Amino acid sequence: MPYAKELRIAQLAVQRATLLTKSVFHTTAKGTVSKEDHSPVTVGDFGAQALIISALRHHFPDDEIVAEEEAAELIANKPLSERIWSYVQATMLEDESAEQELGGPIQSEQEMLDAIDMGKSPGGAKGRIWAIDPIDGTKGFLRGGQYAVCLALMVDGDVKVGVLGCPNLPVDDSAPLDAHAGENQTDAEGKGVIFSAVLGEGATSGALSRGALSKEAPIHMKPIEDITQATFCESVESGHSSHSDQAAIAKLLGITKPSVRMDSQAKYGSIARGAGDLYLRLPVRADYEEKIWDHAAGDLIVREAGGEVTDVTGKRLDFTLGRTLKANKGVVAAPKAVHGKILEAVKQVLSSK
Ligand SMILES: Nc1ncnc2c1ncn2[C@@H]1O[C@H](COP(=O)(O)O)[C@@H](OP(=O)(O)O)[C@H]1O
Ligand SMILES: [Mg+2]
Ligand SMILES: [Mg+2]
Ligand SMILES: [Mg+2]
C-alpha cells in the first residue's frame, strides 16, 4: 500500500499523544491558558504536539510541519513548561517495540520546546507537509466532550494520509450517534476510536489502544434513502459555525431529527462510519479562515468513506494555500449521492440572508 510507513507512524504517534491528553484530562489543573485569539490551550495540546512532532522528526526529518501550537508562551511561563515536560516524560506506549518505533522518549525539556516549535511551516502547494492539531476541540476536551488528535500528510497540497484519534467516541461503528456517548463510558467498555485513511485506499476505524495498534476494519458512509430522515452534525460552539443557518438548511431539506452537536473532527469520523449522515459548518464571520489542521485528516477520511466534502460554494477544500483554507468558506460534508442536493439547500439559505 502507498504511504504504509507514513500511515503506521501517524497512527502510533496519534495513539501515543492521546494517552497524554487522557492523563491531562484526569487531573484537575489542566494548565489552561488563553491564546491571543482568546481561545484556550492546555498542557494536553502542547504535550501532544511535542510527542507527535518528535516521532515525525525521527522518521521523516526532511518533511515540513504545520502545527497549531507554538512554544513562545512556554518560554515565558516556566512552571507551565515544566508541567508539560512531566507529562511528556511520563507518556509512552505500553508496547515497548511500538514505543521504540516512534524513536523513544524526548531527552530534555529544551528538546520538547524545540519540538513544539518545529510546526511553523508556512505550508503551501509543494512537497511533503504534515498538518497537526494536537487537540482539536480544546473546548470539548475541557468539558469532557468530544475532541480529536489529528494528523495528516499532504504531498504537493493533496492530502494523502489522515488519522484522527477520538478518545471519547465509542469504538463500535454502529453505536448510536450521541454527543455525550463518551461521558458515561469507560475505556474498558469500548471507548476510544482511531479513524484512518490513505488516498485511494479507503478509510478504516479501529480501537485506540494504549500500546500496539489494534485491528482495523473498513468504514463507509451510510447511503441516504430519504433525506428527511438524515442526522446532521454540527459544532457545539455557536461561535465556530452558524447554528441558525444550519437549522434553516435542515428545515429546508425537511430534516426533523435534532442535530448532533459535537466538538472537533469527531464529526468527520462519525459521518464517515455512517453513525451520522451530514456535517454542516456554516461560517459565522465572513473574514474567518479555516485552519488546515482542523480539516485535512477529516476531509480525506470522509472522501475515502464515500463522501464528498466541499465548502459552502461547492469548491473542494484547497490545502495548497498555506496554513489556512483561504479560498474556502465553511464546510459541507455528505454522502456523494446527496451532496449536490444538500449544497443547493445551503446556497438557497445563504442567498436569502
Ligand atoms: N470563528 C471560528 N469559525 C470557525 N472555526 C473556528 C472559529 N474559531 C475557532 N475555530 C476553530 O474551531 C475548532 C474546533 O472546531 P469545532 O467547533 O468543530 O469543535 C478549533 O480548533 P481547536 O479546538 O483545535 O482550537 C478552532 O481552530
Ligand atoms: Mg486551538
Ligand atoms: Mg482544531
Ligand atoms: Mg487544537
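These numbers were taken from a predicted model, which means no experiment stands behind them.

Engineer: Any chance you could break down the site of ligand 1 for me, citing the residues and the numbers?
Structural biologist: Around ligand 1 sit 16 residues in total, of which Ser235, His240, Ser264, Lys267 and Asp294 are the nearest. Asp133 has a polar side-chain atom sitting 3.0 Å from an oxygen atom of ligand 1. More than half of the atoms belonging to ligand 1 lie within 2 Å of the grid points that define the largest pocket. At 3 residues, strand E4 (residues 128-136) tops the list of elements feeding residues into the shell around ligand 1. Considering only residue class, the shell around ligand 1 consists of 2 nonpolar, 6 polar and 8 charged. Here the shell around ligand 1 spans two domains, since at least three of its residues come from each of domain 1 (4-219) and domain 2 (227-351).

Engineer: Any chance you could break down the coordination of the magnesium ion (ligand 4) for me, citing the residues and the numbers?
Structural biologist: All of the protein donors around the magnesium ion (ligand 4) are Glu68 (OE), Asp133 (OD) and Ile135 (O); their distances to the metal are 2.0 to 2.1 Å. Read in sequence order, the donor residues for the magnesium ion (ligand 4) give the motif E-x64-D-x1-I. Look at Ile135 and you get buried, because its relative accessible area is 1%.

Engineer: How would you summarise empty space enclosed by the protein if you had to cite specific residues and measurements?
Structural biologist: The rolling of a water-molecule-sized probe over the atoms marks out the regions of remaining empty space. Inspection of every chain in the model, using the stated rule, returns 2 cavities of 30 Å³ or more. A volume near 50 Å³ is recorded for the largest cavity. Lining the largest cavity, in full, are Leu169, Pro170, Asp172, Ala175, Pro176, Leu177, Asp178, Met262, Ser270, Arg273 and Ala275. In the lining of the largest cavity, the residues fall into 7 nonpolar, 1 polar and 3 charged. Two domains each provide a minimum of three residues to the lining of the largest cavity, namely domain 1 (4-219) and domain 2 (227-351). Its volume calculated, the second largest cavity comes out at about 40 Å³. If you go around the second largest cavity, the residues you meet are Arg16, Leu51, Trp85, Val88, Gln89, Thr91, Glu99, Pro105 and Ile106.

Engineer: For the side chain of Gln15, give the residues involved together with the corresponding values.
Structural biologist: Relative to the helices and strands, Gln15 is located in helix H1 (residues 4-25). The class of Gln15 is buried, set by a relative accessible area of 0%. A polar atom in the side chain of Gln15 sits 3.1 Å from the side chain of Ser209. If sequence neighbours within four positions are ignored, Gln15 has contacts with Leu93, Ala207, Leu208, Ser209, Gly211, Ala212 and Leu213.

Engineer: Before we move on, could you go through the sheet that holds strand E6 (residues 158-170) and cite the residues and values that matter?
Structural biologist: Here 7 strands make up an open sheet; going across it, the order is E3-E4-E5-E6-E7-E8-E9 and the pairing mixed. Across the chains shown, the open sheet's two edge strands, defined by having one partner strand only, are strand E3 (64-67) and strand E9 (216-219). The average angle at which neighbouring strand axes cross in this sheet is 20°, direction not considered. Bridge count for E3 against E4 is 4 bridges, and the pairing is parallel. Along E4, the bridge assignment pairs Val66 with Ala131. Here H1 sits on the sheet in contact with E4, strand E5 (148-155), E6, strand E7 (191-198), strand E8 (202-207) and E9, set at roughly 30° to E6.

Engineer: Which residues make up the pattern of salt bridges, and what values do they have?
Structural biologist: Scanning the model with the defined rule gives 22 salt bridges in all. Salt-bridge contacts for Asp299 lead to Arg303; the nearest nitrogen and oxygen are separated by 3.0 Å. With Asp299 and Arg303 both in helix H10 (residues 296-304) and 4 residues apart, the pair spans about one turn of that helix. With respect to class, Asp299 is no different from Arg303; both count as buried.

Engineer: Give me the UniProt feature "binding site: Mg(2+)" (unreviewed entry) in the protein chain: which residues, what numbers.
Structural biologist: With numbering aligned to this structure, UniProt lists the feature "binding site: Mg(2+)" (unreviewed entry) at Glu68, Asp133, Ile135, Asp136 and Asp294. Spatial clustering of the annotated residues is evident: they stretch over 227 residues in sequence, but the largest pairwise C-alpha distance comes to 9.7 Å. Of the residues annotated just before, the largest pocket has Glu68, Asp133, Ile135, Asp136 and Asp294 among its lining. Looking at the element boundaries, Asp133 is found in strand E4. Classification of Asp133 as buried rests on a relative accessible area of 1%. Owing to a relative accessible area of 13%, Asp294 belongs among the buried residues under this scheme. Asp294 has contacts with Asp133, Asp136, Gln265, Tyr268 and Tyr288, leaving out every residue within four places of it along the chain.

Quick notes on the rules
- Residues numbered from 1 in each chain as written.
- Chains lettered and ligands numbered in written order.
- Predicted model: local features only at pLDDT ≥ 70, side-chain atom pairs only at ≥ 80, totals over all residues.
- Heavy atoms only, no water.
- Near = heavy atom within 4 Å.
- Polar contact = N/O pair within 3.5 Å; in protein donor to acceptor, adjacent residues only side chain to side chain.
- 1 Å grid on protein atoms, 1.4 Å probe; cavity = no way out; pocket = protein on both sides within 12 Å on 5 of 7 lines; lining within 4 Å.
- Sits in = over half its atoms within 2 Å of the grid points.
- Helix = DSSP H or I, 4+ residues; strand = E, 2+ residues; numbered from the N terminus.
- Nonpolar A, V, L, I, M, F, W, Y, C, P; charged D, E, K, R; others polar.
- Domains from an automatic or database assignment.
- Donors = N, O, S within 2.8 Å, 3.2 Å for Na, K, Ca; no water.
- Buried < 20%, exposed > 50% of the residue type's maximum accessible area, 1.4 Å probe, protein only.
- Points joined across faces, edges and corners; volume = space filled by probe spheres on them.
- Contact = heavy atoms within 4.5 Å.
- Pairing = 2+ DSSP bridges.
- Axes fitted to C-alpha atoms, helices over the stretch in contact; angles between N-to-C directions.
- Salt bridge = Lys/Arg side-chain N within 4 Å of Asp/Glu carboxyl O.
- UniProt positions renumbered as here; feature names shortened; annotations may be inferred.

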